[in-house]
Amino acid sequence: MSRARVLRVAVNVPLARLFDYLPPDGAGTLVPGMRLRVPFGRRRQVAMLMDVAEGSELPAERLRRAGAPIDEDAVLGPDDLWLIRFASDYYHHPIGEVVAAALPAALRQGGPVAARVTALALTAAGRDADAARLARRAPRQAELLDALRAHSPLTEHALDGAVPGWRRSRKGLADKGFIETLEVADTPPPLAAAHAVPGPPPNAEQRQALEDLRAHSGFGVSLLDGVTGSGKTEVYLHRVADALADGRQVLMLVPEIGLTPQLVRRVRERIGIEPLLLHSSLPDNARLHAWRRARDGSAPLLLGTRSAVFTPLSRPGLIVVDEEHDASYKQQEGLRYSARDLAIARAKQLDIPVILGSATPSLETVLRCRQGAYRRHVLAARAGNALPPLLRLVDLNRHPAADGLSAPLLAAIDRTLKAQGQALIFLNRRGFAPTLICPGCGKIAECSRCDARMTVHAAGKQLRCHHCGASRPLERVCPDCGSACRPLGQGTERIEETLAAHYPSQTVTRIDSDSTRLKGTMDRALALATSGESQILVGTQMLSKGHHFPNLTLVGVVNADQGLFSTDFRGGERLAQSLVQVAGRAGRERRQGEVIIQTAFAAHPFWQRLMSGGYADVAEFALAEREAAAWPPYTRLALIRASAAERTAAHRFLDDARRKALQLDAAGVRLLGPVSAPMERRAGRYRAQLLIQSGGRQALHALLRPLRMQLEASHGARQVRWSIDVDPIELF
Ligand code: ADP
Ligand code: ZN
Ligand code: ZN
């Protein structure tokens, strides 16, 4: 135990604790939120100062001295540090890794926060120089000198605009000692506001929702529970405009960056500003630029995906989480956080409102509304004159589907094309066919590294594993019996091929993660879809969310049955969400939409609920089921996962975790397992899991906190890859 003043820092290593250091020699004031370099093992690491404490558990002689601070001021403010601590505590994840997740890559690596750019400045000699004489001998140099006399320093960027060709005059003036080169902070002008066009006048339901939202200030969670096309986005935009008018910043989260172009266009039109985009596929420098403008307050509106929830804001006023039910908000590796849940925690800390929106709210959110913790605003009707789509089931036992498409679905496509409408054929399976089978001996092509079948991809005449990415050439004949192999089942490529053969005069546009991998292809495909030029669309989940295709009147669901018999307790909720979302693409403007769902289990009670009561009935039923079975949202879950090259190592680690948990105070929690993961082998590693279930949050966290520490320190932890997933959404 030492009494010296110590710095408690977070380092990007997989250990939960903070590390103590003595302050560097001669350092000025050090405040939490500054970065420093510290000696760590034999290396130096970038560290985030979390706390300055009076004393350490460690004896003074064991404390090392931190290196010089990287920043002159705190990079992260108290609220940002609070969020990092919260995420680390809640998800039981090493704090240094949370810091790393919250910072743009350049800052994580110790780069400067303030952008420095090169500028030219006038020297004293330059100020006194005889400009008239210079103008006679070197007119271009005189021009540059004049510009700098009017304003100095000028950045290279500004000079490019003011004095074209200035670079050629630089050396001459520098040699005369008239100018010098400096590094200055890059302070871009605030984003200019363009002309805003008012939207349609809000209808009665929108007015009611807006009135309720405006009646509450400070923290509160509101759910806009509105059918697809009910005008939720219009309501957000009104509240965004309110916050901006108050001089506050708004953070808007969307599940996927593919959805932003339409939203950006609407924001630009309605509010007259350019939202700043924040997502993980931005280049590092663009990301840093956006982060910086959020932090310094020069960007009023941030639009981003999951990771944007950590962006510092200088004057936050509102957070919007669009499509709050979407699984993309949950990060599935590393820091396994829910951006929606962190957005709510952050809004509470900041005492600002948060608006969640969905046509198919998660059961977690539905229950919170029932309990009165969230306010619910219902938009039951489509905005404008659009009608809700008509749903129809096609029983595949009565109408067999040749190549995936039944006669009633083909007839509906014919009708749609004749009426100049557009059809979207939805199938959540990319590739040509999910299976390659040998009709001779029944052999199925499997991945050599996973317990999974290979998917047939026609484009490259390949077999690909969707779990580990492995690929190999398609086997034409069976290696065991020599019969010709056959693709079995439907994927989007195959449906595309079938439709193209059926409708040779039509452009069939396929949108899935394979067809849109190349830069620009997604934009082109969406343009074809939105303009109506392509009348037949084929796509996965990617096409089912959020998009607005004005001409689309028919949605065909090729096969919904996978979801009916899911082993995951969330199966029903997920299936209903994806069907309602894709159905929501139909008939968004003048003509009423039609949705045809093909199923081999038309008598399944799920269909009765969905067809007669819609998502609300499915949710109601699912909630009752969850309550009876003590699943979330009525209980809390955490999943400890382990994987290793040998099966026994993964199990040994989790057996040990179970023993440790039982020795700790495990009152109020149930331990289920360890068991092998349902897909046990993946990418050559054996996977197992231990499920922890608890009636309440407190008991779960009281157990996980010490358990994490013990596991970290255990010998077995070095033999496996392991993780803790709090509020997991994939149990399998
Ligand atoms: P959601 O976000 O619920 O899917 P949107 O806000 O995108 O709904 O609205 C769906 C369509 O209805 C858009 O074309 C929008 O411009 C239009 N719309 C929204 N509110 C109104 C309104 N009050 N009157 C007329 N049209 C509206
Ligand atoms: Zn065979
Ligand atoms: Zn594989």
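Okay, so let's go over this structure. Computed from a prediction, not measured in an experiment: that's the story for all the values here. (Residues numbered from 1 in each chain as written. Chains lettered and ligands numbered in written order. Predicted model: local features only at pLDDT ≥ 70, side-chain atom pairs only at ≥ 80, totals over all residues. Heavy atoms only, no water.)

What follows covers the coordination of the zinc ion (ligand 2). Surrounding the zinc ion (ligand 2) are the protein donor atoms Cys438 (SG), Cys441 (SG), Cys478 (SG) and Cys481 (SG), at 2.2 to 2.4 Å. Considering all four donor atoms around the zinc ion (ligand 2), angles at the metal cover 95 to 117° and the coordination shape is tetrahedral. Read N to C, the donor residues that coordinate the zinc ion (ligand 2) are spaced as C-x2-C-x36-C-x2-C. Pair noted here: Cys441 is in the loop between strand S18 (435-437) and strand S19 (455-457) and Cys478 is in the loop between strand S21 (471-473) and strand S22 (486-488), with a separation of 37 residues, a long-range link. On the basis of relative accessibility, which here comes to 4%, the residue Cys478 falls in the buried class. (Donors = N, O, S within 2.8 Å, 3.2 Å for Na, K, Ca; no water. Tetrahedral: all angles 85-135°; square planar, octahedral: opposite > 155°, others 65-115°. Helix = DSSP H or I, 4+ residues; strand = E, 2+ residues; numbered from the N terminus. Buried < 20%, exposed > 50% of the residue type's maximum accessible area, 1.4 Å probe, protein only.)

With that settled, the discussion passes to the coordination of the zinc ion (ligand 3). Here the zinc ion (ligand 3) is held by Cys447 (SG), Cys450 (SG), Cys465 (SG) and Cys468 (SG), and the distances to it run 2.3 to 2.4 Å. Viewed at the metal, the four donor atoms of the zinc ion (ligand 3) are separated by angles of 105 to 113°, and the geometry they form is tetrahedral. Donor residues for the zinc ion (ligand 3) sit on one chain with the sequence pattern C-x2-C-x14-C-x2-C. Of the two residues, Cys450 sits in the loop between S18 and S19 while Cys468 sits in the loop between strand S20 (462-464) and S21, which places them 18 residues apart along the sequence.

Once that is clear, we can look at a positive patch on the surface. A cluster of basic residues, Arg133, Arg136, Arg137 and Lys176, forms a positive patch at the surface. One can find Lys176 in the loop between helix H8 (167-175) and strand S8 (179-185). (Patch = residues over 30% accessible without salt bridge, like charges linked within 9 Å, V, L, I, M, F, W, Y side chains within 5 Å. Areas by Shrake-Rupley, 256 points an atom, 1.4 Å probe, with all protein chains shown as cover. Salt bridge = Lys/Arg side-chain N within 4 Å of Asp/Glu carboxyl O. Lys, Arg positive; Asp, Glu negative; His and termini not counted. Charge placed at Lys NZ, Arg CZ, Asp CG, Glu CD.)

For sheets, the rule is that strands pair by backbone hydrogen bonds, running either parallel or antiparallel. Strands sit in the order S11-S12-S10-S13-S14-S9-S15 across an open sheet of seven strands; the sheet is parallel. On the outer flanks of this sheet lie strand S11 (276-278) and strand S15 (375-379), each paired with one strand and no other. Each strand of the sheet is rotated relative to its neighbour by a mean of 20°, with strand direction disregarded. By the bridge criterion, five bridges tie strand S9 (residues 220-226) to S15 in an arrangement that is parallel. Its bridge partner lying in S15, Gly226 is registered against Leu379. (Pairing = 2+ DSSP bridges. Axes fitted to C-alpha atoms, helices over the stretch in contact; angles between N-to-C directions.)

A pair of packed helices is characterised by two quantities: the angle between their axes and the separation of those axes. Close contact between helix H22 (residues 647-663) and helix H23 (residues 697-713) brings their axes to 10 Å; oriented N to C, the two are set at 135°. Here H23 runs oblique to H22, going by the angle between their axes. Seen from above, H22 lies across H23 with right-handed handedness. Judged by residue contacts, Phe653, Ala657, Lys660 and Ala661 of H22 engage Leu703, Leu707, Gln710 and Leu711 from H23. (Parallel < 35°, antiparallel > 145°, perpendicular 65-115°, else oblique. Left-handed = near helix turned anticlockwise from the far one by under 90°. Contact = heavy atoms within 4.5 Å.)

Attention shifts here to H22. Between its first and last C-alpha atoms H22 spans 25 Å; for 17 residues at 1.5 Å apiece the expected length is 24 Å, and the two agree. Looking at the packing, one finds that the buried side of H22 touches strand S27 (636-644), strand S28 (669-682), strand S29 (685-694), H23 and strand S30 (721-726). (Expected span 1.5 Å × (residues − 1).)

The subject of this paragraph is the packing of aromatic side chains. With the rule as written, the count across this model stands at nine aromatic pairs. Taking 5.1 Å as the distance between ring centres and 90° as the angle between the ring planes, the aromatic pair formed by Phe19 and Phe40 counts as edge-to-face. Highlighted residues: Phe19 in strand S2 (residues 19-22) and Phe40 in strand S3 (residues 35-40), separated in sequence by 21 residues. For the pair formed by Phe19 and Phe40, the shared burial category is buried. Ring geometry for Phe310 against Tyr337: centres 5.2 Å apart, planes inclined by 70°, an arrangement best described as edge-to-face. Pair noted here: Phe310 is in the loop between strand S12 (301-304) and strand S13 (316-322) and Tyr337 is in the loop between S13 and helix H13 (339-350), with a separation of 27 residues, a long-range link. For the pair formed by Phe310 and Tyr337, the shared burial category is buried. Residue placement shows Arg609 over the ring face of Phe621; its charged tip is 3.4 Å from the ring centre. (Phe/Tyr/Trp six-rings, centres within 6.5 Å; stacked < 30°, edge-to-face > 60°. Lys NZ or Arg CZ within 6 Å of the ring centre and 35° of its normal.)

On to the site of ligand 1. In the vicinity of ligand 1 there are 16 residues, among which Gln206, Gly231, Lys232, Thr233 and Arg266 approach most closely. A distance of 2.9 Å separates an oxygen atom of ligand 1 from a polar atom in the backbone of Gly231. Between ligand 1 and the protein, one listed contact pairs an oxygen atom with a backbone N or O atom of Glu234 at 3.2 Å. For ligand 1, whose accessible area on its own is 560 Å², the fraction buried by protein is 78%. When residues in the shell around ligand 1 are grouped by element, the largest group, three residues, is from helix H10 (residues 232-245). In terms of residue class, the shell around ligand 1 is made up of five nonpolar, seven polar and four charged. (Near = heavy atom within 4 Å. Polar contact = N/O pair within 3.5 Å; in protein donor to acceptor, adjacent residues only side chain to side chain. Nonpolar A, V, L, I, M, F, W, Y, C, P; charged D, E, K, R; others polar.)

Right, let's get into the sheet that holds strand S25 (residues 552-557). Taken in spatial order, the six strands line up as S16-S26-S25-S17-S24-S23 in an open sheet, and their pairing is parallel. Unpaired on one side and paired on the other, strand S16 (390-395) and strand S23 (508-511) mark the two borders of the sheet. Shown here is a sheet whose adjacent strand axes are inclined to one another by a mean of 20°, direction ignored. With four bridges joining them, S23 and strand S24 (residues 536-539) adopt parallel strand pairing. Note that in S24 the partner of Arg510 across the bridge is Val538. Against the sheet, helix H20 (residues 571-583) touches S16, strand S17 (422-426), S25 and strand S26 (594-599), its axis set at about 155° to S25. On top of the sheet, helix H21 (residues 605-629) reaches S16 and S26; it is set at about 160° to S16, its chief contact.

Moving on to the packing of H20 against H21. In the contact formed by H20 and H21, the axes pass within 10 Å of each other and the chain directions differ by 145°. Relative to H21, H20 is oriented so that their crossing is left-handed. Residues Gly572, Glu573, Leu575, Ala576, Gln577, Leu579 and Val580 of H20 pack against Phe606, Trp607, Leu610, Tyr615, Val618 and Arg626 of H21. Considered class by class, the residues forming the contact of H20 with H21 number nine nonpolar, two polar and two charged.

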